[in-house]
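Coordinate analysis (summary)
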Amino acid sequence: MRRPLRMQLPAALALALALTAASPVCAQTPAANTVPGSEQIKEVPSVTALDPAAIKPGQILFTDHRDNPTAPENGLIPYLDWLKARPNEAAVLAPFPGYKEPDYTVTVNGVTKPRHETLKVYVAEGRFVVPRPPEAIDLQAFANLGFVQKMDPAIKHKAIAVGEVTPNKDPAAAFAKRPDRPWCEGAGACIESRYDLEGKLPLGVKLANKLEEGSAKKIAEYVSFQSELRVLGPDQGAPLKALTKIDTAVTGGLEQTIFWVNQILRFGKFLAVFQPMPNDPTKTVVTTYMALAIKADVLDRKAEYARVPVLKNLLPAQVLMGNSSFNTGNSISAGLPVYARNRITTFADAIAKR
């Protein structure tokens, strides 16, 4: 009797993602690359290389380091390379200072073995100008659950207590604990979020679970994650200023750190840094970042797919990076680049309206 095809959870999830893109894969379609307000975005090689005074009203400068967007992993950088190549960025956008790729133990067939998990990082950066001085922007008004709920209606959120945070209480999640304090301690909001995969992705998950028949592990048809949201004060401005490369004082920042995810990702961070416009303190330059760390074994699965005809020559990276004709909507199912553009655009609109 033929044995069922089995693979580890991240690989099976990658399989599910690829299965949904079983039609011929093409470069990202216009429909997949459309987000609300996308006409606001001006793609640039480097946000920091341009004079912020040249940014037009309502315009958002944007880069995600993708010089060849149709290449499967273009825009992703191995975590260790990120630390060396962009140290100012990594110092601020990693979950906490000194963060390392996870080391933990796994038990397979009763045998416990150590495992090191490698990561690949996607970083998007945006910059826009608000025609008000920094002191007229109340960052506390954005550091709450209600504001996060408005950022992406496809993702559902609820408040949780510090004691409900997985890395704070679960020994198996010790690799994700902060060394200096519990996650969410003193935060503006402690949040648990759930995103139900859209389009044909749930069908792919069901098929992947069938291929793993007999396995105790099942792939979820959703992504759930925990995060903390906090306001950063001027006292934390030195590393932020080094990152934005704007020579005015940092008046504050808003930071949402995703520290626990059930699958696909290991961590994420959304950061917005507020500074007076050089030579015009009546305006505020806002520099935004979105960093998402993907488990490398989600991406590095080609041999398994060769056994399944429909998966030949398909890379999970094509779905995650928005290069599949089956990418859907404006949220995570659209691929990380569309998701990042949508989040940054929505944030800029929210700041402009307050």
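Residues numbered from 1 in each chain as written. Predicted model: local features only at pLDDT ≥ 70, side-chain atom pairs only at ≥ 80, totals over all residues. Heavy atoms only, no water.

Between its terminal C-alpha atoms helix α11 (residues 336-353) stretches 26 Å, which fits the 26 Å expected from 18 residues at 1.5 Å a residue. Burial within α11 is extensive, with 14 of its 18 residues counted as buried. (Helix = DSSP H or I, 4+ residues; strand = E, 2+ residues; numbered from the N terminus. Expected span 1.5 Å × (residues − 1). Buried < 20%, exposed > 50% of the residue type's maximum accessible area, 1.4 Å probe, protein only.)

Turning our eyes to something else, we now look at the state of the cysteines. Inspection of every chain in the model, using the stated rule, returns one disulfide. Through a disulfide, Cys-184 is tied to Cys-190; the S-S separation comes to 2.1 Å. The S-S bond linking Cys-184 to Cys-190 shows a torsion near 75°; that makes this disulfide right-handed. When sorted by exposure, Cys-184 lands in the same class as Cys-190, which is buried. (Disulfide = S-S within 2.5 Å.)

This part covers the packing of aromatic side chains. Within the structure shown, the criterion is met by 13 aromatic pairs. Summarising the aromatic geometry, the rings of Tyr-79 and Tyr-99 are spaced 5.8 Å apart at their centres and angled 75° between planes, so their arrangement reads as edge-to-face. Here Tyr-99 lies in the loop between α3 (87-93) and β4 (103-108) and Tyr-79 lies in helix α2 (residues 79-85), a separation of 20 residues in the sequence. Summarising the burial analysis for this pair, Tyr-79 and Tyr-99 share the class buried. Through pairs of rings, three or more aromatic residues link up here, namely Tyr-79, Trp-82, Phe-96, Tyr-99, Trp-183, Phe-259 and Phe-267. Here Arg-178 stacks its cationic end above the ring of Trp-183, 5.2 Å away from the centre of that ring. Directly above the ring of Phe-270 sits Arg-343, whose terminal nitrogen or CZ lies 4.3 Å from the centroid. (Phe/Tyr/Trp six-rings, centres within 6.5 Å; stacked < 30°, edge-to-face > 60°. Lys NZ or Arg CZ within 6 Å of the ring centre and 35° of its normal.)

Because the α-helix completes a turn every 3.6 residues, residues three or four places apart line up on one side. Those residues of helix α7 (residues 237-244) that fall on the buried side of the exposure criterion are Gly-237, Leu-240, Leu-243 and Thr-244. Seen from one end, α7 has its buried residues packed into an arc of 125°, which puts them on one side. If you follow the buried residues of α7, they end up packed against α3, β6 (119-130), β9 (222-232), β11 (265-277) and β12 (280-295). With its phi angle positive at about 65°, Lys-245 sits one or two positions after the end of α7. (Arc of directions from axis to C-beta. Contact = heavy atoms within 4.5 Å.)

Before going further, it helps to examine the pairing of strand β10 (residues 252-261). For β10, the buried fraction is high: nine of the 10 residues fall into the buried class. Sheet analysis places β9 next to β10, joined by eight bridges and oriented antiparallel. Its bridge partner being in β10, Gln-226 is matched across the sheet by Trp-260. Relative to β11, β10 runs antiparallel, the two being bridged by seven bridges. Across the sheet, the residue bridging to Ile-258 is Gly-268, located in β11. Adjacent in sequence and paired antiparallel, β10 and β11 are bridged by three residues, among which Ile-264 carries a positive phi angle near 70°. (Pairing = 2+ DSSP bridges.)

This brings us to the side chain of Glu-125. Along the chain, Glu-125 turns up in strand β6. For the buried Glu-125, which has no salt bridge, the nearest side chain bearing the opposite charge is Arg-127, at an N-O separation of 5.0 Å. Non-local contacts of Glu-125, meaning those with residues more than four positions away in its chain, are made with Val-47, Thr-48, Leu-61, Phe-62, Thr-63, Thr-287, Thr-288, Tyr-289 and Ile-344. (Lys, Arg positive; Asp, Glu negative; His and termini not counted. Salt bridge = Lys/Arg side-chain N within 4 Å of Asp/Glu carboxyl O.)

A few words now on the pairing of β6. Taking burial as the measure, the 12 residues of β6 include 12 buried ones, the bulk of the element. Residue alternation in β6 divides its side chains into two sets, Leu-119, Val-121, Val-123, Glu-125, Arg-127 and Val-129 and Lys-120, Tyr-122, Ala-124, Gly-126, Phe-128 and Val-130, and both sets are buried. Sheet topology note: the strand β2 (residues 60-63)/β6 ladder contains three bridges and is antiparallel. Paired with Phe-62 across the two strands is Gly-126, which belongs to β6. Judged from the three bridges that link them, strand β3 (residues 76-78) and β6 form a sheet pairing that is antiparallel. When the bridges of β6 are listed, Leu-76 appears paired with Tyr-122. Here β6 runs beside β12; their pairing, made up of 12 bridges, is antiparallel. Bridge pairing links Val-129 to Val-285 in β12.

The values reported here are purely geometric and, on their own, carry no functional implication.
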